[in-house]
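Overview (structure and organization)
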Amino acid sequence: MGKTNILDALHYLSVGKSFLGNTDLNNIMHDEDFFTIDAEIMNEESEDIIKISQPKEAKKIIKKNDKSYDRLADHIGYLPSVMISPYDSNLISDSGESRRKFLDAMISQTDSEYLFDLIQYQKVVQQRNALLKYFAKNRVWEKDSLEIYDDPITKLGTKIFNKRRDFVEKLNPIVQSFYKIISGGMENVSVIYESHLLENSFENLLKESIERDRMLTYTSKGIHKDDLLFEMNSVLIKKVGSQGQQKSFLISLKLAQMSLVKELTRKTPILLLDDIFDKLDDNRVSQLIELVNQENFGQIFITDTHRERTESVVKKINEESIIFEL
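Residues numbered from 1 in each chain as written. Predicted model: local features only at pLDDT ≥ 70, side-chain atom pairs only at ≥ 80, totals over all residues. Heavy atoms only, no water.

Observations regarding the nonpolar core
Counting residues in hydrophobic clusters, the biggest one holds 68 residues, and the most contacted among them are Phe230, Phe249, Leu253 and Leu255. Per-element accounting of this core gives the leading share, 12 residues, to helix α6 (residues 150–183). Those residues within four positions of Leu255 in sequence are excluded, and the remaining contacts are Ile84, Phe178, Ile182, Leu288, Leu291 and Phe297. Among the nonpolar cores identified, the runner-up in size contains 19 residues, and Phe19, Phe35, Ile41 and Ile52 belong to it. (Core = buried A, V, L, I, M, F, W, Y, C linked by side-chain atoms within 4.5 Å. Buried < 20%, exposed > 50% of the residue type's maximum accessible area, 1.4 Å probe, protein only. Helix = DSSP H or I, 4+ residues; strand = E, 2+ residues; numbered from the N terminus. Contact = heavy atoms within 4.5 Å.)

Dropping the structure here:
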């Protein structure tokens, strides 16, 4: 009926892309040339008009009060949000790339320079990889040309590594605290940051792996291989956690994200809850709503397929509410 589309539009307004992982062009209707999202954002300080447009044949444009951002990254953090949805289970089951993107998205909402540094780092790694492939294809080897990339990769990568490590150190105890409340369980959970740079400098990594990179034709070591380990009692949660434990962990993770974004930015993120009541038992839903109340999480958007269920949940939240039916 389009319920998730509404939440996805709000997510677009927040971070400039879909939470479903679609490319922007996939969100343009068939036989149309573009899509746009327009919103009036009212907060304590001001009222702003945000417009996002994505043409088929051109770059995405984000405007605030009819003025385009110089860099799209500058918009991130203006309207922070946290999405809790059935798709979150992918964070546990998928590869490290999805968890790395999740970590980057969290930090980007709290640090305007982080996303810019990350984009620059990815560009330099792509250029280095392209040169490695060129050498292999043409059967040449120019070590000096490759080493031109060492300095920018090292500087940007080390900066990103330090921010990721510090962020996860702050995040982990908050996740543990929420998990104890939601699950009421005795098990201990942890979010652990995994990186090549925990045991070596970036400069040494590049030197030590240069022959391996030459053979593989890509940069095999660095922060682009980082991961988050989600553990329960020191074992990966995807191996030992029941469905209920995994769901409790994911909600704890998202609430911790919300809490930390709020703490670091002094802004209350929008909370987007997509169809979670079909995936959670009544006890976990009650715990979640109670936590939302206690933490004063701000504006909440909930989608559900049962009006009566939504109404009973909304009554427990100490704020005014409006129900829209699609």
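Having seen it, we continue.
Thoughts on the packing of helix α3 (residues 96–108) against α6
In the contact formed by α3 and α6, the axes pass within 11 Å of each other and the chain directions differ by 85°. Judged by the angle between their axes, α3 and α6 are roughly perpendicular. Note on element contacts: α6 touches α3 through Lys163, Arg164, Phe167, Val168 and Leu171, opposite Arg100, Leu103, Asp104, Met106 and Ile107. Broken down by class, the residue content of the contact of α3 with α6 amounts to six nonpolar, no polar and four charged. (Axes fitted to C-alpha atoms, helices over the stretch in contact; angles between N-to-C directions. Parallel < 35°, antiparallel > 145°, perpendicular 65-115°, else oblique. Nonpolar A, V, L, I, M, F, W, Y, C, P; charged D, E, K, R; others polar.)

A word on the pattern of salt bridges
Counted by the stated rule, this structure contains 16 salt bridges. Residue Arg307 is joined to Glu311 by a salt bridge in which the shortest nitrogen-to-oxygen separation is 2.9 Å. With Arg307 and Glu311 both in helix α12 (residues 307–315), this residue pair falls four residues apart, about one helical turn. Using a relative accessible area of 28% as the deciding quantity, one classes Glu311 as partly exposed. The salt bridge involving Glu325 is made with Arg307; its shortest N-O contact spans 2.6 Å. Placement of Glu325 in the segment after α12 and of Arg307 in helix α12 is noted, with a sequence separation of 18 residues between them. We classify Glu325 as exposed; its relative accessible area is 62%. (Salt bridge = Lys/Arg side-chain N within 4 Å of Asp/Glu carboxyl O.)

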